[in-house]
Amino acid sequence: MKGQIRAIILIFLVIFTVSGCAKPQESRPQIVPVLTAAVEKKTIPIEIKAIGNVEPYLSVTVLSQVDGTLQQVHFKEGEDVKKGQMLFSVDPRPLIESVRQAEAALLQDKKQLDFYETQAKRYTFLVEKGAVDKNTAEQNQTLALTQAEKVKNDKAQLENAKIKLQYSYIRAEIDGRAGTYLTNIGTSIKTNDTKLVVLNQVTPIYVTFSVPEKELPNIKKYSDKEKLKVSAFPPGFAKDAREGLLTFIDNTVNTQTGMIKLKAVFENKDKYLWPGQFLNVVLTLTTEPDALVVPVSAVQVSQQGQYVFVVKDDMTVATSIVKVAREFGNELVIESGVSAGETVVTDGQLKLKPGFKVMIKKPGDGSDNATAVKTSAPK
C-alpha cells in the first residue's frame, strides 16, 4: 500500500516538474481592425441654429362694413383667392332702397335750387331797376345759397349710399389662402364686428425665430455687409430645407429670456412652409476657409478632455487631445490637436490603447478580420 502511494506522489512530481519547465509563449502584439478618416481642410459656414415658427406675410380678418343679412358665399374654405375676388354678399335690398331715396331727395332739392336761383337773379335785376328793395333781393340770394348747400349734402348722401351698396359685396383685400368660414349664410352681421373669414398671404412667407443676445454683435456685424441667408426645414427633413433671407432684427432684447427676435422672408412659391408650422432654422453668418474637420465619430471623451486616436507611420496609434470649435453636420471643426493630412480612427476606439497596431477595415465590413492593410500612413 505504501508503495502505491509513493508511485502516485512520484507521478505528480514528474507532471509538476515538466509543466514548470515549459517555456512561456510570447504574446503577439495586438492588431485591431479600425475605420479611419483623414483630417481635412474645408470651407465651413459659421452658423446659428434655432427653432422657428412660420407666420403669414400678411393676415387679414375679413369683416363686413355694412349691417345686414349674409346672403351668399362665393368661395370654398381653404382655397386660394385673389385680391378683388368676391367673397361674400350681404342682402343689398335695403341699401338699394337707400340709394333710391337719396337720388329722389337730390332730384327734388335740385329743382328747388333752380327755383331759388331764378328768383335771386330776378330780384337782383329788380333792385337794379329800383322796383324792389335790396333786403328782398338779399333774402332770395340767401335762400339760393342755402339750397345749394343742401344739394351738395344730398350728393354726399347719395355717394355714401352707393358706397354702402358696394360694401354689400365683400371682396378680398389681398392674395391669400382662405381659412374656415367664421359665420354662415342667413346670419345677421354688424359693421366691423362680425368676423367672416381670415385670409393669410403665404407667398412670400415669414419664419420667425429667436437667438441668444450674445449672438447679436455678430449678427449685426455680418448683416450690415449683406443679406444673411437663412435655411428652414421641418424636423427630420433637412434635405428639403428652403432658403430665405434675414429681413428683420427686433429693436429690443427680451429681458426675461435674454433672446432677440429675428424674421426671415421665404419666397415659398411651392407653399411648402405653412403658417403655424415649427421648423429648424439655420442662420449663416459667414464662412471660415481652411477649417480643420474630422468626422463626429472620431472624437472621444475622457477625464482629460476630448481626444482622437491618430494613426502613425508604423501603424500604431497615439492619443491626441483636441479642442472642438463647433459641429457642422456630421463633422467637427477642430481648433487644435491635429493637423491636415493626419489619419484619425473613426470606428474601433473601444479596443484601442496608445501603442496598439491597427489594420484598416473596408467601410461596411463589420468583422474583426481586416481585408485591407495599411502599409504607410498618409503624409
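Look above for the structure.
Calculation rules
- Residues numbered from 1 in each chain as written.
- Predicted model: local features only at pLDDT ≥ 70, side-chain atom pairs only at ≥ 80, totals over all residues.
- Heavy atoms only, no water.
- Helix = DSSP H or I, 4+ residues; strand = E, 2+ residues; numbered from the N terminus.
- Buried < 20%, exposed > 50% of the residue type's maximum accessible area, 1.4 Å probe, protein only.
- Contact = heavy atoms within 4.5 Å.
- Areas by Shrake-Rupley, 256 points an atom, 1.4 Å probe, with all protein chains shown as cover.
- Salt bridge = Lys/Arg side-chain N within 4 Å of Asp/Glu carboxyl O.
- Phe/Tyr/Trp six-rings, centres within 6.5 Å; stacked < 30°, edge-to-face > 60°.
- Lys NZ or Arg CZ within 6 Å of the ring centre and 35° of its normal.
- 1 Å grid on protein atoms, 1.4 Å probe; cavity = no way out; pocket = protein on both sides within 12 Å on 5 of 7 lines; lining within 4 Å.
- Points joined across faces, edges and corners; volume = space filled by probe spheres on them.
- Nonpolar A, V, L, I, M, F, W, Y, C, P; charged D, E, K, R; others polar.
- Pairing = 2+ DSSP bridges.

Some thoughts on the overall build of the chain
Here comes step 1: Looking only at helices and strands, the chain features four helices and 20 strands.
Here comes step 2: Looking at the chain as a whole, 32% of its 379 residues are labelled buried.
Here comes step 3: Residue pairs at least 24 apart in sequence account for 74% of intrachain contacts in the chain once pairs closer than 6 positions are excluded.
Here comes step 4: By element, 53% of the accessible surface of the chain is carried by carbon and sulfur atoms, the whole surface being about 23900 Å².

As for the pattern of salt bridges
Here comes step 1: Overall, the coordinates contain 14 salt bridges when judged by the stated rule.
Here comes step 2: Between glutamate 55 and lysine 263 there is a salt bridge, with the nearest N and O atoms lying 3.7 Å from each other. Residue glutamate 55 is located in strand β2 (residues 40-63), and its partner lysine 263 is located in strand β12 (residues 259-266); the two are separated by 208 residues in the primary sequence.
Here comes step 3: On the basis of relative accessibility, which here comes to 23%, the residue glutamate 55 falls in the partly exposed class.
Here comes step 4: The class for lysine 263 is buried, based on a relative accessible area of 18%.
Here comes step 5: Of the charged contacts, one joins aspartate 80 and lysine 271 as a salt bridge, the two residues approaching to 3.9 Å between their closest N and O atoms. One end of the pair, aspartate 80, is in strand β4 (residues 80-81); the other, lysine 271, is in the loop between β12 and β13 (278-295), with 191 residues separating them in the sequence.
Here comes step 6: Taken together, the salt bridges that share partners define one network made up of Glu40, Lys42 and Glu331.

Comments concerning the packing of aromatic side chains
Here comes step 1: A complete count under the given rule lists five aromatic pairs for this structure.
Here comes step 2: Summarising the aromatic geometry, the rings of tyrosine 57 and tyrosine 206 are spaced 4.9 Å apart at their centres and angled 25° between planes, so their arrangement reads as stacked. Here tyrosine 206 lies in strand β9 (residues 195-212) and tyrosine 57 lies in strand β2, a separation of 149 residues in the sequence.
Here comes step 3: Chaining the aromatic ring pairs together yields one cluster made of Phe75, Phe88 and Tyr181.
Here comes step 4: A cation over an aromatic ring shows up here: arginine 242 above the ring of tyrosine 272, its NZ or CZ 4.0 Å from the ring centre.
Here comes step 5: Against the face of phenylalanine 248 rests lysine 263, its NZ or CZ located 5.9 Å from the ring centre.

Things to note about the layout of surface pockets
Here comes step 1: Looking at the largest pocket, its volume works out to about 250 Å³.
Here comes step 2: Around the largest pocket, the lining comprises 13 residues; the ones closest to its centre are Leu63, Gln65, Ile170, Arg171 and Glu173.
Here comes step 3: Secondary-structure elements contributing two or more residues to the lining of the largest pocket are β2, α3 (134-167) and β6 (169-171).
Here comes step 4: In terms of residue class, the lining of the largest pocket is made up of eight nonpolar, three polar and two charged.

Re the pairing of strand β10 (residues 229-233)
Here comes step 1: Burial analysis of β10 places four of its five residues in the buried class, the great majority of the element.
Here comes step 2: As paired strands, β10 and strand β11 (residues 242-249) are joined by four bridges and run antiparallel to one another. Note on β11: the bridge partner recorded for valine 230 is glycine 244.
Here comes step 3: Pairing between β10 and β13: five bridges, direction antiparallel. By the bridge assignment for β13, lysine 229 is matched with threonine 284.

A closer look at the sheet that holds strand β5 (residues 86-90)
Here comes step 1: What the four strands build is an open sheet, ordered β6-β5-β3-β8; its pairing is antiparallel. On the outer flanks of this sheet lie β6 and β8 (188-189), each paired with one strand and no other.
Here comes step 2: Two elements, strand β3 (residues 68-73) and β8, share two bridges in a ladder whose sense is antiparallel. The partner of threonine 69 across the bridge, within β8, is serine 188.

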